[in-house]
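The primary structure of each chain is shown beneath.
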Protein chains: 2
Amino acid sequence: MSIIVLGTVALDSVKTPFGSRKELLGGSAAHFSMAARLFTPVNLIAIVGKDFPQKHISFLKGKGLNLSSLIIDEGKTFRWAGEYAGDLNTALTLNTELGVLSGFKPRISEGQSRIKNIFLANVDPEIQEHLLHKMRSPELVGLDSMNYWINNKRKELIRLLKHIDIYVANDQEARALSGENNIIKAAKALKGYGARMVLIKKGENGVLFYSDKFIFSLPAYPVEKVIDPTGAGDTFAGGFMGYLAKAQKVNPTTLKKALAYGTVAASFNIEDFGLNRTSRLKLQDLGKRLNKFKDCFLF
Amino acid sequence: MSIIVLGTVALDSVKTPFGSRKELLGGSAAHFSMAARLFTPVNLIAIVGKDFPQKHISFLKGKGLNLSSLIIDEGKTFRWAGEYAGDLNTALTLNTELGVLSGFKPRISEGQSRIKNIFLANVDPEIQEHLLHKMRSPELVGLDSMNYWINNKRKELIRLLKHIDIYVANDQEARALSGENNIIKAAKALKGYGARMVLIKKGENGVLFYSDKFIFSLPAYPVEKVIDPTGAGDTFAGGFMGYLAKAQKVNPTTLKKALAYGTVAASFNIEDFGLNRTSRLKLQDLGKRLNKFKDCFLF
């Protein structure tokens, strides 16, 4: 079954200990799509400005994404600039230019409104809510956010969580929103806001998945040479949600397998700048690495 | 096959958000033994002062430990006082009184010198080396250390690593000794010092095991109510080495199973103060939790 992803398509400038790149194609929806497309048709819902290079449109189309609801508006494309140092676990944001993102009102087609798998990647919670209201028969809704919205649109975000099946947060966000230090308590508190399940991404330390019925925990895939972690969380979400959309059922086994696919997808993402590695990925690459990943912990 | 553990037997005073306790029986060798004894006979090599309560001796004997080489010397028992706050991941040391530990020269019997499984828990590297020289046919030697020795006896520690099969370090120590931020690179660098295999403990984030041939990675067992993490790393090592001593072979399967046993043993340790929980553990408790643990990631 196909999936719809709402998020950003951006021009990212990053600096890491391995080099720097200017105006790379990036954004939460773009990173998500590179992994999700390996499992299921992806409908990308985002906005860019008139300055957005045509080559990027062609590139995204070439990856099989449905861009019929990608708005190209008067104004500038969303830009983010950041830097990573040391262990590359935390980005230092140097600059953010919202551009057309500030007036974004997602539009979708009649056909798209009937898609059952939905991922609301990181944008303003009011934009996420706006899209969710348009969906006619949501079955599995995932949501990601960030500290900025947790601090500045806390009420809107918490209101939205009541309609979410899987809230995807990183560990800092989970602690910030819940006020709990222990990560299991944090997950439990977030579930208390209404999300049916909570998925906490811990970067190089793997993921924790929490529902009332079960707790899953997976390590990260060991990567020695991390070049650029930008978009790793979105790539993870793309592999995770993409696999579930394809599996068409949510149970302990499919959830754990989805977590594992998300993990290996993210491990490819961080091995090169921007979408360089994930845009060349094939499902069999994921499968091969999934087997290596299993060898890390199966006994 | 039996195991020999060299380390500290201490009187610990701890304060955590859940309360405080004074002069609890603790120390690296004591915590290690509580887990290792579930798998194999344990010979405890340590020193205490004349002030060491007789009830603790009886308690340790009652747990089946061989105390024939526990030295009771003139002077005071090693004491440690520490405090945990927030997420309980890091101890703040408030006070350390070495007492008899400062003049510790381990003694072992002829029979003990032929034991093949050896764990050198955290004490001065020169004391660790002193014991290792007495061993006649070491087959599997594990070693733990701490930042204090990494900073103050770096040369002695690195010299010792050449004779070690499994170097057990926490992530901060691994980064400090190797100078590498990426944890896989850190493990590789530590292996470069001579240890055959490297085991990096990451607390609530599980463990990473590194050798030239394989990398294993396991998450932690999810524990919601962490009461006192003191000794969790030593308990982990006890479960890990104890299982390997019993299995009598080191291969990918036994290593991963040993990591899993260490993980669940540590998860019991942090659920109560000092040795309260681990001293009551039975092998079947570990087995039951091991199965729950597997459910967290097996698919």
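Report follows, based on the coordinates. These numbers were taken from a predicted model, which means no experiment stands behind them. (Residues numbered from 1 in each chain as written. Chains lettered and ligands numbered in written order. Predicted model: local features only at pLDDT ≥ 70, side-chain atom pairs only at ≥ 80, totals over all residues.)

## Thoughts on the overall build of chain A
Operational definition: A helix here means a DSSP run of H or I that spans at least four residues, while a strand means a run of E at least two residues long, and both kinds are numbered starting from the N terminus. With C-alpha atoms as the basis for the radius of gyration, the globule rule is written as 2.2 Å multiplied by the number of residues raised to the power 0.38. Exposure in this text rests on C-beta crowding, where 20 or more other C-beta atoms within 10 Å of a residue's own make it buried, 12 or fewer make it exposed, and counts in between make it partly exposed. The C-beta atoms are placed from the backbone.
A count of helical and extended segments in chain A gives 10 helices and 13 strands. A globule of 299 residues ought to have a C-alpha radius of gyration of about 19 Å, and chain A, at 18 Å, matches this closely. By principal-axis analysis of the C-alpha atoms, chain A measures approximately 55 × 40 × 35 Å. Taking all 299 residues of chain A together, 52% fall into the buried category.

## Examining the packing of helix α6 (residues 171–178) of chain B against helix α7 (residues 183–192) of chain B
Residues and elements named next belong to chain B. Definition in use: Here, axes are lines fitted to C-alpha atoms. For helices the fit covers the stretch in contact, and angles between N-to-C directions go from 0 to 180 degrees. Crossing handedness is defined as follows: a turn of the near helix away from the far one that is anticlockwise and smaller than a right angle gives a left-handed crossing, while the clockwise case is right-handed. It is the C-beta atoms, placed from the backbone, that decide contacts: two residues are in contact if theirs lie within 7 Å. Three categories are distinguished: nonpolar for Ala, Val, Leu, Ile, Met, Phe, Trp, Tyr, Cys and Pro, charged for Asp, Glu, Lys and Arg, and polar for the others, with Gly belonging to the last.
It is at 9 Å that the axes of α6 and α7 come closest, and there the two elements cross at 60°. The hand of the α6/α7 crossing is left-handed. For the pair formed by α6 and α7, the contact residues are Asp-171, Ala-174, Arg-175, Leu-177 and Ser-178 on the first element and Ile-183, Ala-186, Ala-187, Ala-189 and Leu-190 on the second. Across the contact of α6 with α7, the residue classes break down as 7 nonpolar, 1 polar and 2 charged.

## Focus: the sheet that holds strand β6 (residues 79–84) of chain B
Two modes of strand pairing occur in sheets, parallel and antiparallel, and in both the strands are linked by backbone hydrogen bonds. Residues and elements named next belong to chain B. Just so we agree on the cut-off: Strands are labelled as partners when DSSP assigns at least two bridges between them.
Pairing is mixed in the open sheet, where 4 strands are placed in the order β3-β2-β6-β7. Only two strands of the sheet have a single partner each, and these edge strands are β3 (19–26) and β7 (91–97). With direction set aside, neighbouring strand axes in the sheet form an average angle of 15°. Examined bridge by bridge, β6 and β7 share 6 bridges and lie antiparallel to one another. Residue pairing across strands places Glu-83 opposite Leu-92, the latter belonging to β7.

## Considerations on the environment of Val141(B)
All names here are of chain B. As for its placement among the helices and strands, Val-141 is situated in strand β9 (residues 140–144). On the basis of neighbour count, Val-141 is assigned to the buried category, with 23 C-beta atoms found within 10 Å. A sequence separation of 30 residues divides Val-141 from Gly-111, and the C-alpha atoms of the two residues are 17 Å apart. For Val-141, the contacting residues outside a window of four places in its chain are Ile-118, Leu-132, His-163, Ile-164 and Asp-165.

## Focus on the interface of chain A and chain B
A common measure of how large an interface is: the accessible area buried when the components associate. Tallying the contact residues gives 27 residues for chain A and 27 residues for chain B. Sorting the residues of the side of chain A that touches chain B by element identifies α7 (183–192), β13 (215–218) and α9 (252–269) of chain A as the ones contributing at least two each. Partitioned by chemical class, the residues of the side of chain A that touches chain B number 13 nonpolar, 7 polar and 7 charged.

## What about the sheet that holds strand β9 (residues 140–144) of chain A?
All names here are of chain A. Read from one edge of the open sheet, 9 strands run β5-β4-β1-β8-β9-β10-β11-β12-β13, paired in mixed fashion. Strand pairing shows two members of the sheet lacking a second neighbour, β5 (70–73) and β13, which therefore form its edges. Strand-to-strand twist in this sheet, taken as the mean axis angle between neighbours without regard to direction, amounts to 15°. Pairing between strand β1 (residues 3–6) and strand β8 (residues 117–120): 4 bridges, direction parallel. Across the sheet, residue Val-5 finds its bridge partner in β8, namely Phe-119. Sitting on the sheet, helix α1 (residues 28–36) touches β1, β4 (42–49), β8 and β9, and the angle it makes with β1 is about 155°. Contacting β10 (166–170), β11 (197–201), β12 (207–210) and β13, α7 crosses the sheet at an angle of about 45° to β12.

## Brief notes about the relation of the copies chain A and chain B
Put simply, the rule is: The copies are overlaid by a least-squares fit using only the C-alpha atoms of residues whose pLDDT is at least 70 in both copies.
Mapping chain A onto chain B calls for a screw motion: a turn of 180° about the axis and a shift of 0.0 Å along it, with 0.0 Å RMSD after fitting. The superposition operator between the copies reduces to a two-fold rotation axis. Of all interface residues in chain A, 100% are interface residues in chain B too; the two copies therefore contact each other through one and the same surface.

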